[in-house]
Amino acid sequence: MASMQLSGAGVGAAAFAAKGNASLEARRLPATVTVGGVRPARRAFRGLVVRAATVVAPKYTSLKPLADRVLVKIKSSEEKTTGGILLPTTAQSRPQGGEVVAIGEGRIIGDKKVDVGIQVGAQVVYSKYAGTEVELNDYNHLVLKEDDIIGILETDDVKDMKPLNDRVLIKVAEAEDKTPGGLLLTETTKEKPSIGTVVAVGPGPLDEEGNRSPLSVSAGSTVLYSKYAGSEFKGADGTNYIVLRVSDLMAVLS
């Protein structure tokens, strides 16, 4: 009976290049088979190239917004409360402000080109769930439309905010502590107020020709607004403010 003896082919691994794509190239070595003492002709296998399955995309270092979009560098979340208590990551509030680092070339309305009205370097506040987050140069950024920016805030107090477009900044009236019958109300049972005083107004929306239309309310007006509209903020002294569109105002009170 003829005997059979097999010998495996050796595979040599090429050294990994420093900081480069990992690759493994096998050397081409002959495989031999001995059958009954008879050695057949050698057969060489083609070279085998093994590459990493994960492709690392190039790291981008710049981003140019298009049309009426802007690029905002997001402020870091607060890691401490005002009393100095450290907050876990899950308890940190998502920031709603940042610095404009790039703007688009504007948009066309009718036959008129309208430039982005926000300048690079401006400190802005934006809608909480607007835009697309990107990481650029190890910092978190947000790409969003100009209309998603609520206002410009150059200080740390929301009362100084300058609303944009058709938005208004309102100082919310304090909730009543008693019912008409004199019953004291707890914080949880106080009715959420929907009345306030207009602190500042935006320049107005753009019409079909690209011109600004002035708003129908002015600073100092007492207004009634939709109960769950807008974005709420708390001032440095604890006062409640809300920023909403003028279309969310229901009436002017006097």
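Parameters and conventions
- Residues numbered from 1 in each chain as written.
- Predicted model: local features only at pLDDT ≥ 70, side-chain atom pairs only at ≥ 80, totals over all residues.
- Heavy atoms only, no water.
- UniProt positions renumbered as here; feature names shortened; annotations may be inferred.
- Helix = DSSP H or I, 4+ residues; strand = E, 2+ residues; numbered from the N terminus.
- Buried < 20%, exposed > 50% of the residue type's maximum accessible area, 1.4 Å probe, protein only.
- Contact = heavy atoms within 4.5 Å.
- Areas by Shrake-Rupley, 256 points an atom, 1.4 Å probe, with all protein chains shown as cover.
- Core = buried A, V, L, I, M, F, W, Y, C linked by side-chain atoms within 4.5 Å.
- Pairing = 2+ DSSP bridges.
- Salt bridge = Lys/Arg side-chain N within 4 Å of Asp/Glu carboxyl O.

If you check an unreviewed UniProt entry, the chain appears there as 20 kDa chaperonin, chloroplastic from Urochloa decumbens. Quoted verbatim from the Sequence similarities (unreviewed entry) heading of the UniProt record, the comment on the chain is "Belongs to the GroES chaperonin family."

1. With respect to the overall build of the chain
A count of helices and strands for the chain gives 0 helices and 20 strands. Out of the 254 residues belonging to the chain, those deemed buried represent 28%. A separation of at least 24 residues holds for 60% of the contacts in the chain among residues at least 6 apart in sequence. A total accessible area of about 17,500 Å² is found for the chain, and carbon and sulfur atoms account for 52% of it.

2. With respect to the nonpolar core
Of all hydrophobic cores here, the largest spans 15 residues; its most connected members are Val70, Val72, Ile118, Val124, Tyr126, Leu144 and Ile149. Elements with a contribution of two residues or more to this core: strand 6 (69-74), strand 10 (123-126), strand 12 (139-145) and strand 13 (149-152). Apart from residues lying up to four places away in sequence, leucine 144 is in contact with Asp68, Arg69, Val70, Val72, Tyr126, Ala130, Gly131 and Ile149. Counting residues in each nonpolar core, the second largest holds 12 residues, with Val198, Tyr225, Ala229 and Ile242 among its members.

3. Thoughts on the pairing of strand 10
Within a regular strand, side chains alternate between the sheet's two faces. Taken together, the 3 bridges between strand 7 (residues 97-103) and strand 10 define a ladder with antiparallel strand orientation. Residue pairing for strand 10: glutamate 99 is matched across the bridge by glutamine 123. The sheet contact formed by strand 10 and strand 13 spans 3 bridges and is antiparallel. Considered in strand 13, the bridge of valine 125 is made with glycine 151.

4. Quick look at the pattern of salt bridges
One pass over the full model with this rule turns up 4 salt bridges. Residue aspartate 68 is joined to arginine 107 by a salt bridge in which the shortest nitrogen-to-oxygen separation is 3.9 Å. Here aspartate 68 is found in the loop between strand 5 (48-51) and strand 6, whereas its partner arginine 107 is found in strand 8 (residues 107-109), with 39 residues between them in sequence. Among the residues examined, aspartate 68 registers a relative accessible area of 11% and is labelled buried. Of the charged contacts, one joins arginine 245 and aspartate 166 as a salt bridge, the two residues approaching to 2.8 Å between their closest N and O atoms. You can see arginine 245 sitting in strand 19 (residues 240-245) and its partner aspartate 166 sitting in the loop between strand 14 (162-163) and strand 15 (167-172), a full 79 residues away along the chain. The partly exposed category is assigned to arginine 245, whose relative accessible area is 25%.

5. Considering the sheet that holds strand 13
Strand pairing within a sheet occurs via backbone hydrogen bonds; the two strands may be parallel or antiparallel. In space, the 7 strands of this open sheet follow the order 11-12-6-7-10-13-14, with antiparallel pairing throughout. Of all the strands in the sheet, the pair left with one neighbour each is strand 11 (132-136) and strand 14.

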